[in-house]
Each structure stands twice: as C-alpha cells, then as structure tokens.
Amino acid sequence: MTSKPQDPFFKSIGDRVEETENLPEAAESGQAEVDEDAPVQTVDSLCMRCGEEGVTRLLLTSIPYFKEVIVASFRCEHCGEQNNEIQSAGMIAEQGTLYTAKILNRGDLNRQVVKSSYATVMLPEFELTIPPKRGQLTTVEGMLRDVIADLSADQPLRRLQDEPTYEKIEALMRKLHDSLGDDEDGEPVAQGPDGQQIPHDAPIPKAFTVKVDDPAGNSWIEFIGSMADPKWSMKTYDRSRDQDVLLGIVGPDEAEEEGKKEKIRTIGEDEARKIEAGEQVDDDDDEQGEVYVFPGTCSSCHAPCDTKMKKVVIPYFKDILIMSTNCDRCGYRDNEIKSGSAISEKGKKITLKVEDTDDLARDILKSENCGLEIPEIQLILQPGTLGGRFTTLEGLLTQVYDELSEKAFARGDAADAKEDRSSFEVFLGKLKQVMKAEIPFTVILDDPLANSYLQNIYAPDPDPNMTTELYDRTWDQNEELGLNDMKVEGYEEDAETKED
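Residues numbered from 1 in each chain as written. Predicted model: local features only at pLDDT ≥ 70, side-chain atom pairs only at ≥ 80, totals over all residues. Heavy atoms only, no water.

1. Section: the overall build of the protein chain
We apply this condition: To qualify as a helix, a DSSP run of H or I must reach at least 4 residues; to qualify as a strand, a run of E must reach at least 2; elements of each kind are numbered from the N terminus. A 1.4 Å probe rolled over the protein chains alone gives each residue an accessible area, and that area as a share of the maximum for its type sets the label: buried under 20%, exposed over 50%, partly exposed in between. Two residues form a contact once any of their heavy atoms are found within 4.5 Å. Here the accessible surface of atoms and residues is derived via Shrake-Rupley with a 1.4 Å probe, and residues count as covered only by protein chains that are part of the display.
Along the backbone of the protein chain there are 13 helices and 25 strands. Out of the 500 residues belonging to the protein chain, those deemed buried represent 34%. Residue pairs in contact within the protein chain that sit at least 24 positions apart in sequence constitute 60% of those at least 6 positions apart. Accessible surface for the protein chain amounts to roughly 30700 Å². Of this, 49% is attributable to carbon and sulfur atoms.

Written out as structure tokens, the structure reads:
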C-alpha cells in the first residue's frame, strides 16, 4: 500500500517542530528577514484590546487521519492579550459530522479535539451544551478546563446579583472537577495516595460522553489505536436548509425557494408536474406519492409537532407505511415502519452471507416483530429491539452499535465492574469490524409475520449469498402475536348466536 504524498505546504506537526529546531538563532528571535519557507509565518496585527500592534503567528500543518488546518496564535506585548484559533484549510464538507467519544479513564482525557467555529459540543451527563464560537485545537481535558474558567469568571458578581444561578453553576463546576479527578480546591491531581503517578488507564471518578456536532464537517475527536476504537464513533448527516444558510452556502431567499420546491416534492412527482402545469390535482390521484401529516405532541418536550406518514412500495416485496416524527423545539426524532399488507400465513427466515462492503449497502426492512442474529460475534437481538426500521444493512448495524454502546458504558453498579466492561469493549470492537465488513459474517432475520425484507441485488434472479425460508409458526408464536384469538371468518354467525 503506497502512502499518500505529503503536501509541501501542510506538513505534519513533527516535521514542523524539526524545521523549527533547525532554524538559525536570528530566525528564532524574529530578527531575520521574512522567509516564505519558514515553518511559522508572522504577521503584524492590530490588538483589539489596547489598539497597539501585536503579532499573529500562522502554522500550516496536517492532523493525522483528519485534514489540513491553519493554527493562528496572536499575542500583544503591550497589554499581554493573547488568543489561539484553528481554521480548516479545506473546503466545507459535503455532509455534517457528529463525533462521539466515551471518556472513561485518564487516557481518554488526552484525546485531541478539533472544534471549528461552527461546531457545537454537548456533554449529556452534565446537561451542558457549548455553542459555536472560535475554532480551537485542544484536548478533552483542556476543553473542560476552558469551560470551568469561563463559568468561574463572573461567579463573584453573580453571587451578589443572582444567588440561585450562582449555586447551579457551582454545582456544575463541582461535577466537572470531579470528572477531571481534581482535589477539593479544584487543583489537578497527578499522583495517587501512595505517591505514584496515576496511570493513563486509571478510571476517572465520573465517566461522561463528549459529542461534537459540526454541520461544516471540519471538526474531529481523536480515536485511540484505530477507527475500530469501541469508545469512539463518527456519523455523517445531510445538512438542513437552515444549516446551509448558517454556513453561507445558500442565501435566505434561495433557502426559502428551495423549501417551496421540497414541499412540492413531498406531494409526489406526478402531482408536482400537474401543479407546475397549472392542472387540477385529484386528492385520490397518486395515493402512494402523497405524504399524510398528523398533528400530535412530542413525547420528549410535549410541544406540538407533526407525524408524517407515507406509503411505499418495495419491489418484489409488499407495501409498507413509513412514519416519521421530528420535533423542531427539542430536536427529538423518531421513525417507524408498519406493514401495509395482510398478515402472512407463514413466517420467514432470511440468511445473508456478507463478504464485502457492497453487501452493507443493501436495503433492509426490519419489522418490529423481527429478530436479528450474527453468529460470528454472538449477537442476538430479540423481536421488538429497535422497533421497525427501513434503512441499509450498514445503517442498521450502526444503530445496534449506538444502542449497545450506550448500555455498555452506562453509569451505576454495572459500570464499576471493570472486567465486564472490558469484555463488552472487546465485543463492540468486533461489532465495529462487522460494520465495516472487515471480517465475513452472516446476518439472520427471523420474522414470524414475514414482514421483513433484505434486498436481493440480483433480482429477479436468485441471490447466491442469500437464502429465504418459509416456515409454519408455532402455537406459542401465534399466541404471542394474538393470532390464536383472532377470527376473520364467520364472526357474523357468532354475533347472531350471542344476540339470540
């Protein structure tokens, strides 16, 4: 495998350090003539604090497994004002990114964090959200200490003017200090009671989760070892129109026009053509393309929100109903799949042998009554887990990973069992290998109602890697599904007998 050639303008930090050490003394002191090839460029800048002239230093470098960045550092020798900032040297990514890291030990506190000026940082355990501000290159620990410093800056004044808020912020800062392992005075502790250096794998007193959501896709959290790190995950998502406006990709007027086009698209392609042509639209025309909207209440914040439902026909399968709920107030999202056809007489078992990443792109419909099994990693999901889902195989495995990782690193007595946690981390590592098809594996879908589907990429011809088996449901399965007491024929006679 050939390595990617290094950009002469964006060398690694190690190479930049070596170049700096080899500079002559005059260049290091800043008295030499300006050299365009110097590792650090200096620019005279105006100090916004005192109005005097300061110096901004620019370093062009690359972060391994991420991208090229520009690190800027300003300092004013007159008033002592200084600040640091990091900017992406590339274009805005096509999709936004959401990085998640579980911080369980002291080594996790040293993970590097690249936060762009559009990134939002969330710490769910502390109910803390850090809004977008200037770009920053730091570590998880450095980021938390910056939060503590910002919160404590106005505490003396806040104590006199708003004591309830003062108490809440004090409680939050105590939790942050506890997570960092600080002493009662809030000072860092580097040695244990025995005087020995605290190891990197020592658990921290209060574990927590860090999430960095960047619609520009220019933020990053360091993984440990490789991208199979079980405590680290990355998701990409399509930006909303509001986020495109925030990034300056489109203007507000363009976004409004695009919103109107999107509204037409939800009605259906045939109706959209009629609307554009000025023709009358029949309400019953193109029923499958229409999106139905039902007003309701968000189950998270109880604010009014809409649930959208659409009928979809899956080729070589059957009709399904897709329902989606999205709360604009708190961001809660939920989606579910229901069968739009009659109950099948037999159950269905689908077995797929996954050999490469192409198989991960197969569409999959897992009904709420379907169980899933991957024997190679001893993964068994009982019916009802995750509810109904219509996604790709990779998307389903990602949802399984997210659900299990939340449970694996949960707080409480179970989280204190270090051996159990380690074995679960090993399992999650194997699950990450499966998510990327790094090892061959088998997916088994068992649906007693035959409402699940796995795409046959060779359709209408048989798929050599997939087998489908129909079977008769057991009495227990029918009882669990409520089919034993269901009567669909001759019930009129029973009703007449009861009336007599």
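Alright, that's what it looks like, and here's the rest.
2. Thoughts on a negative patch on the surface
The criterion, for reference: Like charges within 9 Å and nonpolar side chains (Val, Leu, Ile, Met, Phe, Trp, Tyr) within 5 Å are joined into patches, using only residues over 30% in relative accessible area that form no salt bridge. Each reported salt bridge corresponds to a side-chain nitrogen of Lys or Arg within 4 Å of a carboxyl oxygen of Asp or Glu. Only four residue types enter the tally: Lys and Arg on the positive side, Asp and Glu on the negative side, with His and both chain ends excluded. To locate a charge, the coordinates of NZ of Lys, CZ of Arg, CG of Asp or CD of Glu are taken.
Together, D183, E184, D185 and E187 make up a negatively charged patch on the protein surface. On the secondary structure map, E187 appears in the loop between α5 (163-180) and β11 (203-214).

3. Thoughts on the pattern of salt bridges
Using the criterion set out here, one finds 13 salt bridges in the structure. Put simply, D108 and K231 hold a salt bridge, and the shortest N to O gap is 3.1 Å. A residue pair is termed long-range when its members are at least 10 positions apart, and D108 in the loop between β6 (96-105) and β7 (112-115) and K231 in the loop between β12 (220-221) and β13 (232-237) qualify at 123 residues. E141 is paired through a salt bridge with R145; the nearest N and O atoms lie 3.2 Å apart. Of the two residues, E141 and R145 are both situated in helix α3 (residues 140-152); the distance of four residues between them amounts to about one turn of the helix. Salt bridges sharing partners connect three or more residues here, namely D108, R111, D229 and K231.

4. Notes on the nonpolar core
In plain terms, the rule: In these notes, a set of buried Ala, Val, Leu, Ile, Met, Phe, Trp, Tyr and Cys residues joined through side-chain atoms within 4.5 Å is what counts as a nonpolar core.
Of all hydrophobic cores here, the largest spans 32 residues; its most connected members are I103, F208 and V210. Within the residue set of this core, elements represented by two or more residues are β6, β7, β8 (120-123), β9 (128-130), α3, α5, β11 and β12. Leave out the neighbours within four places in its chain, and V210 touches Y99, T100, A101, I103, V121, M122, L123, V140, M143 and I221. In terms of nonpolar packing, the next biggest core, distinct from the first, is built from 29 residues, L372, L381, F441 and L454 among them.

5. Observations concerning the side chain of S367
To keep it simple, the criterion reads: We define a polar contact as two N or O atoms separated by no more than 3.5 Å, with the added condition that, inside protein, one atom must be a possible hydrogen donor and the other a possible acceptor, whereas residues neighbouring each other in sequence contribute only through side-chain atom pairs.
Tracing the sequence through the fold places S367 in the loop between β19 (363-366) and β20 (371-374). In terms of polar contacts, S367 uses its side chain to reach the side chain of D447, at 2.7 Å. Excluding residues within four positions of it along the chain, S367 makes contact with G387, G388, D447, N451 and S452.

6. Regarding the side chain of R389
Relative to the helices and strands, R389 resides in strand β22 (residues 389-392). Among buried Asp, Glu, Lys and Arg side chains, R389 stands out as unpaired, with D334 the closest opposite charge at 4.6 Å. Reaching out from R389, the side chain makes a polar contact with the side chain of Q399 at a distance of 3.1 Å. Apart from residues no more than four positions distant in its own chain, R389 is found in contact with N335, I337, I364, L365, K366, L396 and Q399.

7. What about the packing of aromatic side chains?
To keep things clear, this is the line we draw: Only rings of Phe, Tyr and Trp enter the pairing, Trp through its six-membered ring, and a pair is recorded when the two centres are within 6.5 Å. The plane angle decides the type: under 30 degrees is stacked, over 60 is edge-to-face, the rest tilted.
For the structure on display, the rule yields three aromatic pairs. Ring geometry for Y99 and W232: centres 5.9 Å apart, planes at 45°, overall tilted. With Y99 in strand β6 and W232 in strand β13, this pair connects stretches of sequence that are 133 residues apart. As far as the burial class goes, Y99 and W232 line up, both buried.

8. Here's the deal with the confidence of the model for the protein chain
Which entries qualify depends on this criterion: pLDDT measures how confident the predictor is about each residue, on a scale from 0 to 100.
Here the protein chain shows a mean pLDDT of 79. Residues at 70 or above account for 77%. No element of the protein chain has a lower mean pLDDT than helix α2 (residues 25-28), which averages 46, and none a higher one than β8, which averages 94. Within the model, pLDDT remains below 50 along residues 26-34, and this stretch shows six contacts once partners closer than five positions in the same chain are excluded. Note that pLDDT drops below 50 for residues 263-269; the model gives that stretch 11 contacts with residues more than four away or on any other chain.

9. Thoughts on the sheet that holds strand β25 (residues 466-471)
The pairing of strands in a sheet comes from backbone hydrogen bonds and takes either a parallel or an antiparallel form. Stated formally: Pairing between strands is defined by DSSP: at least two bridges between them are needed. Here an angle of 0 to 180 degrees is reported between the N-to-C directions of two axes, which are lines fitted to C-alpha atoms, with helices fitted over the stretch in contact.
Spatial strand order, β21-β20-β23-β18-β25: five strands in an open sheet with antiparallel pairing. With one partner strand each, in any of the chains shown, β21 (379-381) and β25 form the two edges of the open sheet. Averaged over all pairs of adjacent strands, the angle between their axes in this sheet comes to 10°, without regard to strand direction. Pairing geometry for strand β18 (residues 347-354) and β25, over six bridges, is antiparallel. If you follow G347 over to β25, its bridge partner there is Y471.

10. Details of the sheet that holds strand β24 (residues 453-454)
The antiparallel open sheet is built from three strands, whose spatial order is β22-β19-β24. Looking at the sheet topology across the chains shown, the edges are occupied by β22 and β24. Note: β19 against β22, four bridges, orientation antiparallel. Directly across from D363, in β22, lies its bridge partner T392.

11. Observations concerning the environment of G384
Following the sequence through the fold, G384 ends up in the loop between β21 and β22. Overall, the relative accessible area of 44% leaves G384 in the partly exposed class. With 16 residues separating them in the primary sequence, G384 and E368 have C-alpha atoms 4.9 Å apart. Here G384 is in contact with E368 and C370, once residues within four sequence places are set aside.

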